[in-house]
Amino acid sequence: MSSLSPRRYRAIDRLTKLLGLVLLTVALVPGTLHGPLKIACGLLGLALGVATVFVEPDTDAED
């Protein structure tokens, strides 16, 4: 597994969660996207939202 400094982990975690939320919102709002693009956008948002689950903050690094 990969590890990051706690500060970098928080920044990446917040960024991926925010981007995932935006993509899911765009995919769920009626009239914004249609067809396969809507599904792809939703799946990409989901993947980005859980991307940091597989990364651990390095507990030995200083903030």
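Residues numbered from 1 in each chain as written. Predicted model: local features only at pLDDT ≥ 70, side-chain atom pairs only at ≥ 80, totals over all residues. Heavy atoms only, no water.

(A) Expanded view of the pattern of salt bridges. Enumeration according to the criterion identifies one salt bridge in this entry. We note a salt bridge from Lys 17 to Asp 13, for which the minimum N-O separation is 2.9 Å. With Lys 17 and Asp 13 both in helix 1 (residues 6-28) and four residues apart, the pair spans about one turn of that helix. A relative accessible area of 19% places Asp 13 in the buried class. (Salt bridge = Lys/Arg side-chain N within 4 Å of Asp/Glu carboxyl O. Helix = DSSP H or I, 4+ residues; strand = E, 2+ residues; numbered from the N terminus. Buried < 20%, exposed > 50% of the residue type's maximum accessible area, 1.4 Å probe, protein only.)

(B) Spatial organisation of a nonpolar patch on the surface. Together, Leu 24, Leu 28, Ile 39, Leu 43, Leu 46, Val 50, Val 53 and Phe 54 make up an exposed nonpolar region whose accessible area comes to about 820 Å². Among the elements of the structure, helix 1 and helix 2 (36-49) are those that each provide at least two residues to the nonpolar patch. Ranked by residue count, the leading element in the nonpolar patch is helix 2, at three residues. Along the chain, the position of Leu 28 falls in helix 1. (Patch = residues over 30% accessible without salt bridge, like charges linked within 9 Å, V, L, I, M, F, W, Y side chains within 5 Å. Areas by Shrake-Rupley, 256 points an atom, 1.4 Å probe, with all protein chains shown as cover.)

(C) Structural context of the confidence of the model for the chain. Counting all residues, the mean pLDDT for the chain is 86, and 92% of those residues have values of 70 or more. Taken element by element, the chain is modelled with least confidence in strand 1 (residues 2-4), mean pLDDT 70, and with most confidence in helix 2, mean pLDDT 93. (pLDDT = per-residue confidence, 0-100.)

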